[in-house]
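Residues per chain, in single letters:
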Amino acid sequence: MSTNTPTTKANHHISLEDRHGAHNYHPLPVVLSEGKGCYVWDVDGKQYFDFLSAYSAVNQGHCHPRIIDVMVKQSQKLTLTSRAFHNDQLGEYEKYLTEYFKFNKVLPMNTGAEGVETAIKICRKWGYEKKGIPTDQARIIVCGQNFHGRTTTIISFSSDPDAKGQFGPYTPGFESVPYGDVAAMRAALANDPATIAGVLVEPIQGEAGVFVPEHGYLKAVAEACRENNVLFIADEIQTGIGRTGALLRVCGDCSCGGHCEQQETYVRPDILILGKALSGGAYPVSAVLADDAIMEVIQPGQHGSTFGGNPVACAVAQEALEVIRDEKLTQNARALGHIFRAEMQKLVDENPNLLTLVRGKGLLNALVINDSPESKTAWNFCLNLASKGLLAKPTHGNIIRFAPPLVINKEQLLEACGIIAEVVREM
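Residues numbered from 1 in each chain as written. Predicted model: local features only at pLDDT ≥ 70, side-chain atom pairs only at ≥ 80, totals over all residues. Heavy atoms only, no water.

Asker: Teacher, can you tell me more about helix α4 (residues 90-101) here?
Answerer: Residues spaced three or four apart along an α-helix point in a common direction, a consequence of the helix completing one turn every 3.6 residues. Over its twelve residues, α4 runs 16 Å from end to end, which matches the ideal 16 Å to within 8%, given 1.5 Å per residue. By the burial criterion, the buried members of α4 are Leu90, Tyr93, Tyr96, Leu97, Thr98, Tyr100 and Phe101. The inward-facing, buried residues of α4 abut β4 (105-109), β9 (271-274), β10 (286-290) and α11 (311-326). Once α4 finishes, Lys102 follows within two positions and takes phi at roughly 65°, a positive value. (Helix = DSSP H or I, 4+ residues; strand = E, 2+ residues; numbered from the N terminus. Expected span 1.5 Å × (residues − 1). Buried < 20%, exposed > 50% of the residue type's maximum accessible area, 1.4 Å probe, protein only. Contact = heavy atoms within 4.5 Å.)

Here it is, written out as structure tokens:
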């Protein structure tokens, strides 16, 4: 059984991080220096398939030439004005984004966590000013095992002890129900609905281990929200922008052939949160979209960001979305996702002592290792993958998430599946 042992050059960079950086991550012992498409190369020139895509931020592939070209050109012209002044990119971007996703308004931010915080603020303010919730009594329903970010407010409603422990006191106003449980959600909404402002849901829980709810769950949640005059907030930071074989996961198992036609499978959120691949992995960009009746509660001075809506971000995000549409990456993710899960299912069927199941949608998938979350089996599995030229990372101990850039083709995907199969045979 082989493992990925760092070279002298790699160890130099790893030791620098260890000595001078906070130890808030536990990365695989690989030091990357270059990327293109679905491949990355380490400091020694070894090539790998990237099957994490920076947690789905690099859907368009590493260093996509169109996105990089736009970023460089805008960076040479104007990078930042703050929102104290107008710039010639923001209005064009806001028009483009709202028409692309079919909402009236967008509030531009930078990171995914900022997007979630923004949505929470909008939802609460709407609750007070539009629904009539008494001051400081607004509640938001969330789901267990969620991952929406790392800020103090967001970790307040996390169920992950590592994310939450010793960071209190925690922000009140949130109630958690089991993910995928419609009855539990309806029961929570029935408990004093006059004080509930919103429901915040990941359409697929990626960080928790790619948990896909049963068919009809999102529709049922949205209907329950409407019945109780509660906002349905979809966190599509990881699942959006083509990753699951639909432009958004709230589109469901659609059959769109070009751009999002919002078919009968579409469940429209009241507030949509985007991030990660909105930038093609080239620059921090996030966004919160809603219609006028909701977004109008935000007035000058009540929310903002120095870098939110900066000219570089606006130019990059537009091109990143054009790449998704022009190269039909959503459709590619849908087709290749079926192939990947079929190949993984063969491995599960043949190796029940090592593998439990495969699950996912599009090119967001997980392989569950037949061992405890406390074991090192999944970690060792990923070390062996790395030694053979494929990068993936465990989540929650015994689950391996596989999420390659959406530019990967069938031949490359099958080659990667062959690497995974080789590791399974060896282990």
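The structure having been displayed, the exposition proceeds.
Asker: Sorry if this is basic, but what is going on with the packing of aromatic side chains here?
Answerer: Both the distance between ring centres and the angle between the ring planes are used here to describe each pair of aromatic rings. On inspection of all chains with the given rule, the structure shows ten aromatic pairs. Between the aromatic rings of Tyr39 and Phe49, the centroid separation amounts to 5.0 Å while the plane-to-plane angle is 35°, which identifies the pairing as tilted. Residue Tyr39 is found in strand β2 (residues 39-42), and its partner Phe49 is found in strand β3 (residues 47-50); the two are separated by ten residues along the sequence. An identical accessibility class is assigned to Tyr39 and Phe49; each is buried. Arranged with centres 5.5 Å apart and planes meeting at 40°, the rings of Tyr96 and Tyr100 form a pair that is tilted. (Phe/Tyr/Trp six-rings, centres within 6.5 Å; stacked < 30°, edge-to-face > 60°.)

Asker: Where do I start with the nonpolar core in this structure?
Answerer: Nonpolar side chains in soluble globular proteins tend to be buried together. Judged by nonpolar contacts, the single largest core of 101 residues is most densely connected at Phe101, Phe381, Leu390, Phe402 and Ile420. Top contributing element to this core by residue count: α11, with nine residues. Core analysis: the next-biggest nonpolar cluster, separate from the first, contains 29 residues, Ile122, Phe157, Ile237 and Val288 among them. (Core = buried A, V, L, I, M, F, W, Y, C linked by side-chain atoms within 4.5 Å.)

Asker: I'm lost on the environment of Gln412 in this one. Help?
Answerer: Within the fold, Gln412 resides in helix α14 (residues 410-426). Residue classification places Gln412 among the buried positions, given a relative accessible area of 16%. Sequence-wise, Gln412 and Met109 are 303 residues apart; in three dimensions their C-alpha atoms are separated by 35 Å. Sequence-distant contacts of Gln412, defined by excluding residues within four places in its chain, comprise Cys38, Tyr39, Phe49 and Val407.

Asker: Looking at this model, I keep getting lost on the pattern of salt bridges. Mind explaining?
Answerer: Side chains bearing opposite charge may pair, as long as their charged atoms lie close to each other. The final tally for this structure, using the stated rule, is 18 salt bridges. Among the salt bridges present, the one from Glu319 reaches Arg66, with a minimum N-O distance of 2.7 Å. You can see Glu319 sitting in helix α11 and its partner Arg66 sitting in helix α3 (residues 65-75), a full 253 residues away along the chain. Through salt bridges with shared partners, a single ionic network connects Arg66, Glu319 and Asp326. (Salt bridge = Lys/Arg side-chain N within 4 Å of Asp/Glu carboxyl O.)

Asker: What's the story with the sheet that holds β3 in this structure? I'm lost.
Answerer: Hydrogen bonds between backbone atoms are what pair the strands of a sheet, whose relative direction is either parallel or antiparallel. Reading across the sheet, the four strands line up as β1-β2-β3-β13 and stay open at both edges, with mixed pairing between neighbours. The open sheet has two edge strands with one neighbour each: β1 (32-36) and β13 (390-391). Contacting β2, β3 and β13, α14 runs over the sheet at an angle of about 100° to β3. (Pairing = 2+ DSSP bridges. Axes fitted to C-alpha atoms, helices over the stretch in contact; angles between N-to-C directions.)

Asker: When you look at the packing of helix α12 (residues 329-350) against α14 in this model, what are you seeing that I'm missing?
Answerer: Where α12 contacts α14, the two axes come as close as 10 Å, and the packing angle between them is 20°. Classified by the angle their axes make, α12 and α14 are roughly parallel. The way α12 lies across α14 gives a crossing that is right-handed. For the pair formed by α12 and α14, the contact residues are Leu336, Ile339, Phe340, Glu343, Met344 and Leu347 on the first element and Lys410, Leu413, Leu414, Cys417, Ile420, Ala421 and Val424 on the second. Looking at the contact of α12 with α14, its residues break down into eleven nonpolar, no polar and two charged. (Parallel < 35°, antiparallel > 145°, perpendicular 65-115°, else oblique. Left-handed = near helix turned anticlockwise from the far one by under 90°. Nonpolar A, V, L, I, M, F, W, Y, C, P; charged D, E, K, R; others polar.)

Asker: Honestly, the side chain of Arg341 in this entry has me stumped. Any pointers?
Answerer: Within the secondary structure layout, Arg341 lies in helix α12. Buried Arg341, no salt bridge; nearest opposite-charge side chain is Asp253, N-O distance 7.3 Å. (Lys, Arg positive; Asp, Glu negative; His and termini not counted.)

Asker: What's the story with the packing of helix α8 (residues 182-190) against helix α9 (residues 217-227) in this structure? I'm lost.
Answerer: Describing two packed helices takes the angle between their axes plus the distance from one axis to the other. The geometry of α8 relative to α9 is characterised by a closest axis approach of 10 Å and an angle of 10° between their N-to-C directions. With respect to α9, the element α8 is oriented roughly parallel. Crossing hand, α8 versus α9: right-handed. For the pair α8 and α9, the contacting residues are Val182, Met185, Arg186 and Leu189 in the first and Tyr217, Ala220, Val221, Ala224, Cys225 and Glu227 in the second. Of the residues assigned to the contact of α8 with α9, the class counts are eight nonpolar, no polar and two charged.

Asker: Before we go on, may I ask you to explain the pairing of β10 in this structure?
Answerer: Along any regular strand, the residues point their side chains to alternate faces of the sheet. In terms of burial, β10 is largely enclosed, as five of its five residues are buried. Here β10 shows two buried faces, one formed by Ser286, Val288 and Ala290 and the other by Ala287 and Leu289. When β4 meets β10, the two strands line up antiparallel, connected through five bridges. Within β10, the residue paired with Lys105 across the bridge is Ala290.

Asker: Looking at this structure, how should I read the side chain of Ser279?
Answerer: Mapped onto the secondary structure, Ser279 falls in the loop between β9 and β10. For Ser279, the side chain forms a polar contact with the main-chain nitrogen of Gly281, separated by 3.1 Å. Residue contacts for Ser279: discarding those within four places in its chain leaves Ile67, Val285, Val316 and Ala320. (Polar contact = N/O pair within 3.5 Å; in protein donor to acceptor, adjacent residues only side chain to side chain.)

Asker: Teacher, can you tell me more about the sheet that holds strand β15 (residues 399-402) here?
Answerer: Strands sit in the order β11-β12-β15-β14 across an open sheet of four strands; the sheet is antiparallel. With partners counted over all chains shown, the strands left at the sheet margins are β11 (355-361) and β14 (393-395), one partner each. This sheet shows a mean twist of 30° between the axes of neighbouring strands, independent of strand direction. Note: β11 against strand β12 (residues 364-369), six bridges, orientation antiparallel.

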